[in-house]
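# Structural features, examined
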Amino acid sequence: MPRQSSASALGGSVVDGEVNDLATLTHLDEAVMLRQMKTRYQRDVIYTYVGDILVAINPFKQLKIYDRESVTKYKRTKKALLPPHIYAIADAAYSTMVDSGKNQCCVISGESGAGKTESTKLLINQVIELCPTKTTMGLEQKIIQVNPLLEAFGNAQTVMNDNSSRFGKYIQLKFKGGQVLGAKINEYLLEKSRVVSQSVGEENFHIFYYMFAGLSKEEMQQYRLTNADSYRYLSQGESCLRKRRKECQDAFNDLVNAMDLVGFTEENQNNMFQVMSIVLNMGNIEFNEGANDSSSVKTFDSLKTTAELVGIEPKVLESFLTTHETMTAGEVITINLTKQKAEDARDAMAKALYGRVFSWIINRVNSLLAPQDDSQRGDSTQIGILDIFGFEHFEKNSFEQCCINVANEQLQFFFNEHIFKWEQEEYRKEGIDFKEIVYLDNKPLLSLFLEKPIGLFSLLDEESRFPKATDLSFVGKLNQHFGKLEHYVASKDSRTPHFVVKHYAGEVKYDGDGFLEKNRDSLPSGAVELLQISKNDLIHDIFMATLTRTGTMALKSRRGRSRKTRNRLQAAGRVSRTAGKGTSLKGVTVSAQFKNSLTVLMEKMNQCNPHFIRCIKPNMGKRPNDFQDDFVIAQLRYTGMLETTRIRREGFAIRPDFNEFVNRFKHLAPLKIGQDANGARKILQAADIKGYHIGKTKVFLKYFHIDQLTDKLERIHKAATMWQKVLRGHVDRRRVKKLREKAKQEKQQVADFLVQLPSNLVNTSKRMQAIMAADFKRPHDYFKAKAKAKEPAKPLIALNDMPPPLPPLADEKFPRDDDEDDDDDEDEFDENDEVKPMPISKKHGAKFGREGTKAASVRWFKETQAKSGAKNEEGNFQDWFHGIITRRRAEQLLTNKDIGAFLVRVSESRFGYSLSFRVATRVKHFMIDQTMSGKYIVVGEPKVHKSLHDLVVYHQRCGIGDEHELLSVPCGQDSGDDEDEFDYADLMDHGGEQALMFRSPSSTSSIGQSPNMRRRVHSGHHRPVSTHSAQHQQFPSGTQSRGGTGSRGYAAGPPDPGYRQQHMMYPDEDPRNRRHATNPPPMFSAPKLPGQRLGPGGGSPHMPQRMHSNSSVGQGQMRSARSPRSTARNEAPPPLPPR
């Protein structure tokens, strides 16, 4: 039977494990907190609230709480209505940013292996899901895909964590109006020493094992790689692959897919893998000890392989590794290096190569994820997510662990300031009565490391400047300055460079051996210049870059030394080893860079509203379902969770000023109120909020008060919406009633007019006949006399009574015959479609013409898509491939097909493709984008494919969209259609020929061909046809004119008898001598002139015969002629014949 715990704040006892928020318990101590969390953990409930802080316990197994249903459930909902979840923290950060317009940050902290990296990924995914619409650049997917890329190069397996982050990162997601604009990643302190050595039971960075598992044999030969066990830098190479080769192979595929999706080109990827091979081969260069403290290369094969991959001469590389040059009195002196120093030089170059490639990856990612429009950056908001290495305590703790633990101390100080210090200071400042809560302040310990001029890092920098200083002398200075401090314990053995620091998370014994060398992080003289002349463009670029004071890399433009210049300098041996300008800031050590970057990070975070996530590790063995009480309670103690619970229960976590509070909740007050204390008090009283405090300038609320206020505000908004609905319905009903009455009156007027119309027509006809009879009786001199008098003619019909002239149609753009839905842009997707449109990369620019035109799309396809996979091995287009057709046309083709029928079509509005396929109720459309590496991806799907064929095959096996619907039957060309050619005819390229066929709309026969044959017309035999020349184009005998008798065309035969009556007649002008100057309206036919022979089918010879809608000669040459209906509206008919 479950144990009863203490009473909750709402009264009554609670059952262990049933409390979602520990701050609601009236009685809480360590035992109660531990019992509640343990019970929840045993039920696979890993999340618990402490006020607005989330505690997450690593389950070390997969849980089904991150599915699509959970993603949807935690979108813009009240936290109190749902169980604790990391998605709720993402929702809180996003909602607060949108509602307040202030920057937010999420701080994820905990020990190594507590689940910080996984929490970061879940947090980012949910924040992206909260965006109202997807961008047109697929930015959301790119941001999500950055994680596998960074993990491959920045994470490794340690004894505490299988996927430990060996660097810190602060990810800034930038928004405007709730829509993500871009992202930026800031890196901190990559553990480069892991490249050259790993502790027992640990591994190198993941990327090396991924390469051995995922590269093909040909690629292994290309990068000069052999067996994983043959490399010194991989201490557990082959054994690691034996245990998890399939896992590494899948991870490698995910990595390549992520690089393709984010925007890394094939050249980028090849260069990156080549540098990784250089690092491994460089580690296999071994040395012999020579006489007089000299050394020589022992493994020349490894030296040669490394030099060839770098693109330099082996002798040049050997010289750099075994000798050192210095300038004395204007003379260059060469000094031999010992075996140990040669190995140090080798390792330093390997670490520098790896570290700079990693920085280059961060730079590249930032450039690809940066906001596209610079004008949007100024007024944007952001959510920052900090994922930094957890507190570490190993058997041997070196310089890296020291920096990592100091970073965690800084985060704990940040937490203490926001939760305890600043909050209690505000209580005093605002005159709020409260009981002070005592917490563990780690400020003195931070001062031990960061204070100037006497701090551990300052002393380390000072000692690093002395060439004869040693690690032992450095530790001696620490003992001298800090020996009496509470947080520092000197080693009892003065002959060993050991010391102990009492961190907030416990005591850590540090081994000072290697502190000075790692802090200097220096390269052999001239090494930078040597690598700058590398034939590998990536190596050249990263060593031409400069390092900032925070250790990040600032890339220079590619306008540096050309490859030709590099080869010439290398051949001439002009690589200075004594006067090179270098690329790192002189005198800036690793610890100085670390301190600067930590300061910048804290400045960024202090400008944001923080949200805290505390990750807890249940056991040291990474075992599921194993909750070790002592281990967990230790973490709860040093993170101050008990004190946090107390201050969240007794304190006021929400502290808006009066102006902000009143502006947000003013609708809760019954009358207009001021933005002051009285206005805030009226709002709180109207909302029936209890337990608040009004300060001098701010309102002090419990963390749960904001949910109560928001809930009441939503009720008012819903009521207002209902009132608007009722009032608008009433107004619209009145308007519709008036419109119906008006329509009824108009209908009656039309009926009355139609009744009177026959008699009116008879009367008008009689009057016109009488007038015409009178005109014919007048003598000719009558009209001449009138002309000489120059008297203006008086029309029988007043000008005001004349109908308005037809609008000019010469420039009117008619829809193409093959585009029946000219206003239906294929990129205008349904709001219910699964994917929003994403334009392809603009790398083509204006090379193919204006994007959005058919001619440009055709040229783009022919010049760039030869290897797209649209054609099969025989060179014919695939069954599912279609040309440039509209979205509506695709839907027509798929309407009567089976569910799962699909086609791929070329887009005219952009350089890319669209996938259309049939589902149960409609046709869905997805955009297909081409990555910068030339591969293909369905927008919204994570998988990148080498060709369209691979894409189709993949989605025939793996579903598409949220419903994972499978593609099944390809939709081919519609042979029963009215069209005479395949819709991809424009895309065909057969020696300048294109398929074209003419035929009668009423007959299936082509011109001189059988119904199933096509006629080839060489594009060079035709030239663009103007509208005028098209009018005189004759068709062979027997062809039928389409539109020759249409409603807008002119039919053969005599003119309508009423034709003359429709035109203005002047009584003073002889109609027999006058040629009609007015164009007849389109509804009347042109008369047959004497001796004139009409074209086949009764069409006028002045009118072009209508061709089939999809026929094309050259590039739309035949379409340049107007259709009969357009010509009929723009060309004047022949003049009337004389009577």
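All values reported here derive from a predicted model rather than from experimental measurement.

## Some details on the overall build of the protein
Within the protein, the regular secondary structure consists of 32 helices and 29 strands. Relative to its full complement of 1139 residues, the protein shows a buried share of 49%. Residue pairs in contact within the protein that sit at least 24 positions apart in sequence constitute 66% of those at least 6 positions apart. When the accessible surface of the protein is summed, it comes to about 56200 Å², and 50% of that surface belongs to carbon and sulfur atoms.

## Focus: unusual backbone geometry
Residue proline 453 is reached from lysine 452 by a cis peptide bond, and omega for that bond is -5°. Along the chain, the position of proline 453 falls in the loop between α14 (443-450) and α15 (456-464). Despite not being glycine, aspartate 521 shows a phi value in the positive range, around 50°. Take aspartate 521: it is sitting in the loop between α17 (515-520) and α18 (527-532). Judged by its relative accessible area of 32%, aspartate 521 is partly exposed. The backbone of asparagine 625 sits at a positive phi, close to 60°, despite the residue not being glycine. Mapped onto the elements, asparagine 625 comes out in the loop between β20 (609-616) and α22 (629-638).

## Topic: the pairing of strand β3 (residues 47-50)
Along β3, one buried face is formed by Tyr47 and Tyr49 and the opposite face, lined by Thr48 and Val50, is buried too. Remark: two residues form the turn of the hairpin made by β3 and strand β4 (residues 53-57), two consecutive strands paired antiparallel; glycine 51 in that turn has positive phi of roughly 70°.

## A closer look at the sheet that holds strand β25 (residues 913-918)
The five strands are arranged β23-β24-β25-β26-β27 in an open sheet whose pairing can be described as mixed. In the strand order of this sheet, the two ends are held by β23 (881-882) and β27 (936-938), each with one partner. Pairing analysis gives five bridges linking strand β24 (residues 902-906) to β25, with the strands arranged antiparallel. When the bridges of β25 are listed, phenylalanine 902 appears paired with phenylalanine 917.

## Quick word on the side chain of glutamate 203
Note on placement: glutamate 203 falls in the loop between β9 (179-188) and α6 (206-214). In this structure, glutamate 203 is in contact with Ala156, Gln157, Arg194, Gln198, Tyr209, Cys240 and Arg244, ignoring residues within four places of it in sequence.

## Details of the nonpolar core
As a rule of thumb, soluble globular proteins bury nonpolar side chains together. With 191 residues, the main nonpolar core has Phe153, Ile207, Phe264, Ile361, Leu456, Phe457 and Met605 as its most contacted residues. Top element by residues in this core is helix α12 (residues 339-369). It accounts for 15 residues. Excluding anything up to four places from it in sequence, isoleucine 207 contacts Ala152, Phe153, Leu255, Phe273, Met276 and Tyr354. Counting residues in hydrophobic clusters, the runner-up holds 30 residues, among them Val904, Val906, Phe926 and Ile928.

## With respect to the packing of aromatic side chains
Both the distance between ring centres and the angle between the ring planes are used here to describe each pair of aromatic rings. Following the criterion strictly, the structure yields 36 aromatic pairs and no others. Ring centres 5.6 Å apart and planes at 80° place the aromatic pair phenylalanine 399 and phenylalanine 515 in the edge-to-face group. Here the residue phenylalanine 399 occupies a position in helix α13 (residues 399-430), and phenylalanine 515 occupies one in helix α17, the gap between them amounting to 116 residues. Given a relative accessible area of 3%, phenylalanine 399 falls into the buried group. Summarising the aromatic geometry, the rings of phenylalanine 415 and phenylalanine 420 are spaced 6.4 Å apart at their centres and angled 75° between planes, so their arrangement reads as edge-to-face. We classify phenylalanine 415 as buried; its relative accessible area is 1%. With relative accessibility at 1%, the residue phenylalanine 420 sits in the buried group. An aromatic cluster of at least three residues, connected via ring pairs, comprises Phe399, Phe474, Phe482, Tyr488, Phe499, Tyr510 and Phe515. It is arginine 614 that lies over the ring of phenylalanine 415; its NZ or CZ is 4.2 Å from the centre. Above the plane of the ring of phenylalanine 877 lies lysine 871, whose end atom (NZ or CZ) is 5.1 Å from the centre.

## Considering α22
Here α22 has its buried residues at Phe631, Val632, Ile633, Gln635, Leu636 and Tyr638. Those residues of α22 hidden inside the fold are in contact with α1 (30-42), α13, β20 and α23 (641-650). Backbone geometry just after α22 places glycine 640 at a positive phi near 70°.

## A short note on the environment of valine 146
Mapped onto the fold, valine 146 is located in helix α5 (residues 139-154). A relative accessible area of 4% places valine 146 in the buried class. In contact with valine 146, not counting residues within four places along its chain, are Ile185, Val262, Val365 and Leu369.

## Topic: the packing of α15 against helix α16 (residues 471-482)
At a closest axis distance of 10 Å, the pairing of α15 and α16 adopts a crossing angle of 145°. At the point where α15 passes α16, the crossing takes the right-handed sense. Contacts from Leu456, Leu459, Leu460, Glu462 and Glu463 in α15 reach Ser473, Phe474, Lys477, Leu478, His481 and Phe482 in α16. Of the residues contributing to the contact of α15 with α16, the split by class is six nonpolar, two polar and three charged.

## Notes on helix α25 (residues 677-686)
Of all the residues in α25, the buried ones are Gly679, Ala680, Ile683 and Leu684. Here the buried residues of α25 occupy an arc of 135° about the axis, which is enough to place them on one side. Residues of α25 that are buried in the fold lie against α24 (658-665), β21 (693-694), β22 (699-700) and α26 (705-777). The backbone nitrogen of asparagine 678 has a side-chain oxygen 3.4 Å away, supplied by the residue at the start of α25, namely aspartate 676. Looking one or two residues past α25, aspartate 688 carries a phi angle of roughly 60°, positive in sign.

## Focus on the sheet that holds β3
Strand order in this open sheet of seven strands is β3-β4-β20-β5-β14-β8-β9, and the pairing throughout is mixed. Edge positions in the sheet fall to β3 and β9, since each of these pairs with one other strand and no more. In this sheet, neighbouring strand axes are inclined to one another by 20° on average, regardless of whether the strands run parallel or antiparallel. In the sheet, strand β5 (residues 104-110) pairs with β20 via seven bridges, with the strands oriented parallel. Looking at β20, one finds that cysteine 105 is bridged to proline 610. Sheet strands touched by α13: β4, β5, β14 (381-387) and β20. Its angle to β20, the strand with the most contacts, is close to 125°.

Calculation criteria
- All residue numbers refer to positions counted from 1 along the written sequence of the respective chain.
- Residues qualify for local features only when their pLDDT is at least 70, as the model is predicted, and side-chain atom pairs are given and counted only at 80 or more; totals for whole chains, interfaces and linings, by contrast, use all residues.
- In computing side-chain properties, one takes all heavy atoms of the structure into account and sets aside hydrogens as well as water.
- Strands are runs of DSSP state E lasting at least 2 residues, helices are runs of H or I lasting at least 4, and numbering of each runs from the N terminus.
- Each residue's exposure class comes from its accessible area (1.4 Å probe, protein chains only) as a fraction of the maximum for that residue type: buried when under 20%, exposed when over 50%, partly exposed otherwise.
- The contact criterion used throughout is that any non-hydrogen atoms of two residues lie within 4.5 Å.
- Throughout, the Shrake-Rupley method with a 1.4 Å probe supplies accessible areas, and for residues the shown protein chains are the sole cover considered.
- Strand pairing follows a simple DSSP-based rule, namely that at least 2 bridges must link the two strands.
- To qualify as a nonpolar core, a set must consist of buried Ala, Val, Leu, Ile, Met, Phe, Trp, Tyr and Cys residues joined through side-chain atoms within 4.5 Å.
- To pair, rings of Phe, Tyr and Trp, with the six-membered ring standing in for Trp, must have centres within 6.5 Å; the planes then decide the type, stacked if under 30 degrees apart, edge-to-face if over 60, and tilted in the middle.
- The rule is short: NZ of Lys or CZ of Arg within 6 Å of the ring centre and within 35 degrees of the ring normal puts a charge over the ring.
- Axes here mean lines fitted to C-alpha atoms, for a helix over just the part in contact, with angles spanning 0 to 180 degrees between N-to-C directions.
- Should the near helix be turned counterclockwise from the far one by less than a right angle, the crossing is left-handed, whereas a clockwise turn marks it as right-handed.
- Think of it as three bins: nonpolar holds Ala, Val, Leu, Ile, Met, Phe, Trp, Tyr, Cys and Pro, charged holds Asp, Glu, Lys and Arg, and polar takes everything else, Gly as well.
- Here the arc refers to the directions that run from the helix axis out to each C-beta atom.
- We call two N or O atoms a polar contact when they sit within 3.5 Å, provided that within protein one can donate a hydrogen and the other can accept it, with sequence-adjacent residues counted only if both atoms are side-chain atoms.

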